Amino acid sequence: MEKTFQKNILITGGAGFIGSHVVRLFVNKYPHYRIVNFDNLTYAGNLSNLKDIENKENYVFVKGDIVANDAVTNVFSQYNITDVIHLAAESHVDRSIEGPMAFVQTNVVGTVNLLQTAKNHWTDFTNHVFHHVSTDEVYGSLGNDGLFTETTAYDPRSPYSASKAASDHFVSAFFHTYGLPIKLSNCSNNYGSHHFPEKLIPLMIHNIVNKKPLPVYGKGENIRDWLWVEDHARAIDTIFHNGKLGESYNIGGLNEWKNIDLVKYLCRLLDKKLNRSEGESEQLITYVKDRSGHDLRYAIDASKLEKELGWKPSITFEEGLEKTVDWYLNNQDWINEVTSGDYQHYYKKMYNE
Ligand code: NAD
Ligand code: TYD
């Protein structure tokens, strides 16, 4: 007889960077939940991110597009989905500047399709959760002072953040209009293992290792607030289980870095690890044309999550960066796999190489 599970959780985007960490955490920590990873494997999705758990009894992968109504309805029926943790998205700001429509499709239409399907599938709204995973970029750009809180007005400025803001608004609308049991989280920039090398940290590590130019946009003075991806996954676990319905929670670790300082830090760390002479990798830094509409600064106030739900980051940035760099140095096969195919084409177009 087939085993029954206490919950059947649909995790969308589980083959991506953050999604794979959330899937791994839930599969290992909750053997009594079945985790259904629903992902259409875009350039950013990679099943080798989940090799260590792919044969577990409580894990299933379903290849499918969140925009496709039939595919989403089928997965809900086939696995009697009780809860959703929604991470599937187009996630890169530079790509959103090149082509915003894919962001509207996946991030907005795909999210509404999931909300609608959950609403239709769940006969009553008790004992279900739809947790939508979002970004601090919906709040816009900060000046030199202040932090984003849950009550900061939305002011998205890139096509990516506009699409995420729209999806957040639909999630809230489904709570207020239909009573769908939603939770929402907005996190700062993540870093860690299995991060596709188009975002700042993995791109810089990859290029330092390969002695390629390190493209710093503008003067490198923009500030991002960095959080280790496994701490984000722990926060999602906490909010999914203990957060209040209809509420949003900011996630971040008070860890602001100017881009140029971060790139130099990575250069020094890798000089040591690769036995290069001091200062060698910094010579690769190349200032390039600034990103259009480049948000100056992001910084998150996560005190609501800390005070109400007791979550805190588990490691420092220095510890996390060292683990991350070591992971990239020890996982060359993964890098080769994800940078084959379209990556070279994207890279040449993006950085005029
Ligand atoms: P990612 O780009 O690494 O992964 C996205 C995943 O979604 C991929 O596996 C991809 O195949 C899948 N996907 C894309 N379109 C899909 C579709 N139409 N149907 C099904 N699957 C699809 O992204 P990430 O960095 O892991 O981000 C995950 C989520 O977290 C996103 O919603 C993002 O907005 C949010 N977020 C990211 C960060 C960050 O720093 N990366 C910070 C805060 C919030
Ligand atoms: P990114 O990792 O794309 O995240 P986001 O734009 O969502 O915050 O970029 C982080 C910061 O690094 C951002 O200020 C842009 C900058 N950046 C560069 O300077 N060079 C690069 O090659 C990339 C990808 C980003």
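In what follows, the accompanying structure is described.

Criteria and cut-off values
Residues numbered from 1 in each chain as written. Chains lettered and ligands numbered in written order. Predicted model: local features only at pLDDT ≥ 70, side-chain atom pairs only at ≥ 80, totals over all residues. Heavy atoms only, no water. Near = heavy atom within 4 Å. Polar contact = N/O pair within 3.5 Å; in protein donor to acceptor, adjacent residues only side chain to side chain. Helix = DSSP H or I, 4+ residues; strand = E, 2+ residues; numbered from the N terminus. Core = buried A, V, L, I, M, F, W, Y, C linked by side-chain atoms within 4.5 Å. Buried < 20%, exposed > 50% of the residue type's maximum accessible area, 1.4 Å probe, protein only. Contact = heavy atoms within 4.5 Å. Areas by Shrake-Rupley, 256 points an atom, 1.4 Å probe, with all protein chains shown as cover. Nonpolar A, V, L, I, M, F, W, Y, C, P; charged D, E, K, R; others polar. Pairing = 2+ DSSP bridges. Phe/Tyr/Trp six-rings, centres within 6.5 Å; stacked < 30°, edge-to-face > 60°. Axes fitted to C-alpha atoms, helices over the stretch in contact; angles between N-to-C directions. Parallel < 35°, antiparallel > 145°, perpendicular 65-115°, else oblique. Left-handed = near helix turned anticlockwise from the far one by under 90°.

## Considerations on the site of ligand 2
In the vicinity of ligand 2 lie 18 residues, with E137, R224, R291, H294 and Y351 positioned nearest. Within the contact set of ligand 2, an oxygen atom lies 2.9 Å away from a side-chain nitrogen or oxygen of N259. Contacts to ligand 2 include H294, whose side-chain N or O atom sits 2.7 Å from an oxygen atom. Elements with a minimum of two residues in the shell around ligand 2: α6 (200–209) and β8 (214–217). For the shell around ligand 2, the leading source of residues is β8, giving three residues.

## Things to note about the nonpolar core
Counting residues in each nonpolar core, the largest one holds 33 residues, and the members touching the most others are I201, L214, L262, L266, F317 and L321. Contributing elements (two or more residues each) for this core: α6, β8, β9 (223–228), α8 (259–273), α10 (317–330), α11 (332–338) and α12 (342–351). Those residues within four positions of I201 in sequence are excluded, and the remaining contacts are Y191, W226, L262, L266, F317 and L321. Counting 22 residues, the second largest nonpolar core, distinct from the first, contains V72, F174, L180 and I182.

## Focus on the environment of I236
Position of I236 among the secondary structure elements: in helix α7 (residues 229–242). On the basis of relative accessible area, I236 is assigned to the buried category, the value being 0%. Along the sequence, I236 and S161 sit 75 residues apart, while their C-alpha atoms lie 20 Å from each other. Setting aside anything within four residues of it in sequence, one finds I236 in contact with V22, I85, L87, H131 and V133.

## Considering the site of ligand 1
I18, D39, S91, Y160 and K164 are the nearest of the 28 residues found near ligand 1. Contact between ligand 1 and N190: an oxygen atom at 2.9 Å from a main-chain N or O atom of the residue. Coverage of ligand 1 by the protein amounts to 96% of the 840 Å² it exposes when considered alone. Elements with a contribution of two residues or more to the shell around ligand 1: α1 (17–29), β5 (129–135), α5 (159–178) and β7 (189–191). By residue number, the principal contributor to the shell around ligand 1 is β5, which donates three residues. Across the shell around ligand 1, the residue classes break down as twelve nonpolar, 13 polar and three charged.

## Some words on the pairing of β8
Residues of β8 alternate between two faces, with L214 and V216 on one and P215 and Y217 on the opposite face, all of them buried. Relative to strand β12 (residues 285–288), β8 runs parallel, the two being bridged by four bridges. Looking at the pairing, P215 lines up with T286 of β12.

## Quick notes on the packing of aromatic side chains
Going through the model one piece at a time under the given rule, you end up with 19 aromatic pairs. Between Y43 and F196, the aromatic rings sit 5.2 Å apart at their centres with planes inclined by 75 degrees, giving edge-to-face as the arrangement. With Y43 in the loop between β2 (33–39) and β3 (59–63) and F196 in the loop between β7 and α6, the pair connects residues that are 153 residues apart, well separated along the chain. For Y43, a relative accessible area of 24% gives the class partly exposed. For the ring pair W257 and F317, a centre distance of 5.2 Å and an interplane angle of 55 degrees mean the geometry is tilted. Within this pair, whereas W257 is found in strand β11 (residues 256–258), its partner F317 is found in helix α10, the two being separated by 60 residues in sequence.

## Considering the packing of α6 against α8
Geometrically, a packed helix pair is captured by the angle between its two axes and the distance between the axes. One way to put it is that α6 packs onto α8 with a least axis distance of 10 Å and a crossing angle of 40 degrees. With respect to α8, the axis of α6 lies oblique. Judged by the twist between their axes, the crossing of α6 over α8 is right-handed. Facing α6, whose interface residues are L200, I201, M204, I205, I208 and V209, α8 presents N259, L262, V263, L266, C267 and L270. A class-by-class count of the residues in the contact of α6 with α8 yields eleven nonpolar, one polar and no charged.

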